[in-house]
Amino acid sequence: MRLATLFFALFVLSGCGGGGGDAPKASRSDAARPVEVSYPKFGDADPHPWDGRVPSSYAVHGLDVSRWQKGIDWRTARNAGISFVFIKATEGVEELDPMFSEHWAAAGQAGVPRAAYHFYYFCADADDQARWFIRNVPRVPGGLPHVLDLEWNPYSPTCTKRPDGAVVRAEADRFLDMLEAHYGQRPIVYTSVDFWEDTGIDQLRGTRFWLRSVADHPRVRYPGARWDFWQYTGTGLVPGVPGKVDINVFRSSVQSWKSYPG
């Protein structure tokens, strides 16, 4: 997923509720965790033959979206069993996803619990990236924890750098600390199998994880891992969402979801 210290200082001093500039406005509390349909079963354009526990055995499902999803009917998606959404907001220190404002506002109006995610850029300073996210993503009372997306990007036209695990963990910690101080919740970390194995990112203490695993259950691909969310497909078919979309499950029960993160 891909400015300034002065902006950040001004936001802290003013105690504003959101970012600056063109940041979407916070107009409601996201404290509610509605589940219209528990244990939903969605279609898949490229279904996987799961062994053992299958995604539909989890009660709470949600989406993650970015510029590639347009025209979502959020109320239809919610009524079909979508109970949360992670929305791409920022990348690096200057990129804002062009669909962020629209997704953020529309999901909120439909009562879908939401959080934003930042795609980390390994050729920029962690503090500057945190400030860019804070500038563009509002604080919403009772909202879900936001997300730091950590994965290698071999197709980046500007940065294919792969720092060693100690550097990655130190940079991630700085980013997470800054967002926790601003939003009052420590962000979730999203990652993939190769990044997990290469960096030891699981060593971050006090961090919740959202894991990508589209060919096996996380217990197979991430042995012994603790996780809150599992991204199980990138080719899901959901009422109200044109085309294919990523679908995720929450690890625990509807009752636990109601008070998440607790």
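What you see is a predicted model, and the numbers here were worked out from it, not measured in a lab.

**Observations regarding the overall build of the chain**
The number of helices and strands found in the chain is eight helices and ten strands. In the chain, buried positions account for 54% of the 262 residues.

**So, the packing of helix α4 (residues 126-136) against helix α5 (residues 165-183)**
At their nearest, the axes of α4 and α5 sit 8 Å apart, and the two run at 30 degrees to each other. With respect to their mutual orientation, α4 and α5 come out roughly parallel. Note on packing geometry: the crossing formed by α4 with α5 is right-handed. Contact with α4, carried on its side by Ala126, Asp127, Gln129, Ala130, Arg131, Phe133 and Ile134, involves Glu171, Arg174, Phe175, Met178, Leu179, His182 and Tyr183 of α5 and no other residues of that element. Of the residues belonging to the contact of α4 with α5, the class tally is eight nonpolar, two polar and four charged.

**A few points about the packing of aromatic side chains**
Two numbers describe a pair of aromatic rings. These are the distance of the centres and the angle of the planes. A complete count under the given rule lists 27 aromatic pairs for this structure. Summarising the aromatic geometry, the rings of Tyr190 and Trp210 are spaced 4.5 Å apart at their centres and angled 70 degrees between planes, so their arrangement reads as edge-to-face. Of this pair, Tyr190 sits in strand β7 (residues 188-191) while Trp210 sits in strand β8 (residues 208-212), placing them 20 residues apart in sequence. For the pair formed by Tyr190 and Trp210, the shared burial category is buried.

**Some details on the state of the cysteines**
The tally for this structure, following the rule as stated, stands at one disulfide. Here Cys123 engages in a disulfide with Cys159; their sulfurs sit 1.9 Å apart. Between Cys123 and Cys159 the sulfur-sulfur dihedral comes to about 80 degrees; the bridge is accordingly right-handed. Here Cys123 is found in the loop between β5 (114-119) and α4, whereas its partner Cys159 is found in the loop between β6 (147-150) and α5, with 36 residues between them in sequence. Residue Cys123 is classed as partly exposed on the basis of its relative accessible area of 42%.

**Concerning α4**
Within α4, eight of the eleven residues are buried, which leaves it mostly tucked inside the rest of the structure. For α4, the full list of buried residues reads Ala126, Gln129, Ala130, Arg131, Trp132, Phe133, Ile134 and Asn136. At the N-terminal end of α4, a side-chain oxygen is found 2.9 Å from the backbone nitrogen of Asp127, two or three residues along, and the residue is Asp125.

**Description of unusual backbone geometry**
In the segment running from Tyr260 into Pro261, the intervening peptide bond is cis, with an omega of 5 degrees. Along the chain, Pro261 falls in the segment after α8 (254-258). We note that Tyr39 has phi near 55 degrees; this positive angle belongs to a residue other than glycine. Within the element layout of this structure, Tyr39 appears in the loop between α1 (5-14) and β1 (43-44).

**Brief notes about the pattern of salt bridges**
Counting across every chain of the model gives twelve salt bridges. Between Asp128 and Arg131 there is a salt bridge; the shortest N-O distance is 2.9 Å. Of this pair, Asp128 and Arg131 are both found in helix α4, three residues apart, which corresponds to roughly one turn of the helix. Accessibility expressed as a relative area gives 26% for Asp128, which makes it partly exposed. The shortest N-O distance in the salt bridge between Asp198 and Arg162 comes to 3.9 Å. With Asp198 in helix α6 (residues 193-199) and Arg162 in the loop between β6 and α5, this pair connects stretches of sequence that are 36 residues apart.

**Observations concerning the side chain of Ser192**
Here Ser192 lies in the loop between β7 and α6. By relative accessible area, which is 10% here, Ser192 ends up buried. Polar side-chain contacts of Ser192 include one of 2.7 Å to the side chain of Asp194. Excluding its chain neighbours within four sequence positions, the residues that come into contact with Ser192 are Leu150, Glu151, Arg212 and Tyr222.

How each quantity is defined
Residues numbered from 1 in each chain as written. Predicted model: local features only at pLDDT ≥ 70, side-chain atom pairs only at ≥ 80, totals over all residues. Heavy atoms only, no water. Helix = DSSP H or I, 4+ residues; strand = E, 2+ residues; numbered from the N terminus. Buried < 20%, exposed > 50% of the residue type's maximum accessible area, 1.4 Å probe, protein only. Axes fitted to C-alpha atoms, helices over the stretch in contact; angles between N-to-C directions. Parallel < 35°, antiparallel > 145°, perpendicular 65-115°, else oblique. Left-handed = near helix turned anticlockwise from the far one by under 90°. Contact = heavy atoms within 4.5 Å. Nonpolar A, V, L, I, M, F, W, Y, C, P; charged D, E, K, R; others polar. Phe/Tyr/Trp six-rings, centres within 6.5 Å; stacked < 30°, edge-to-face > 60°. Disulfide = S-S within 2.5 Å. Polar contact = N/O pair within 3.5 Å; in protein donor to acceptor, adjacent residues only side chain to side chain. Salt bridge = Lys/Arg side-chain N within 4 Å of Asp/Glu carboxyl O.

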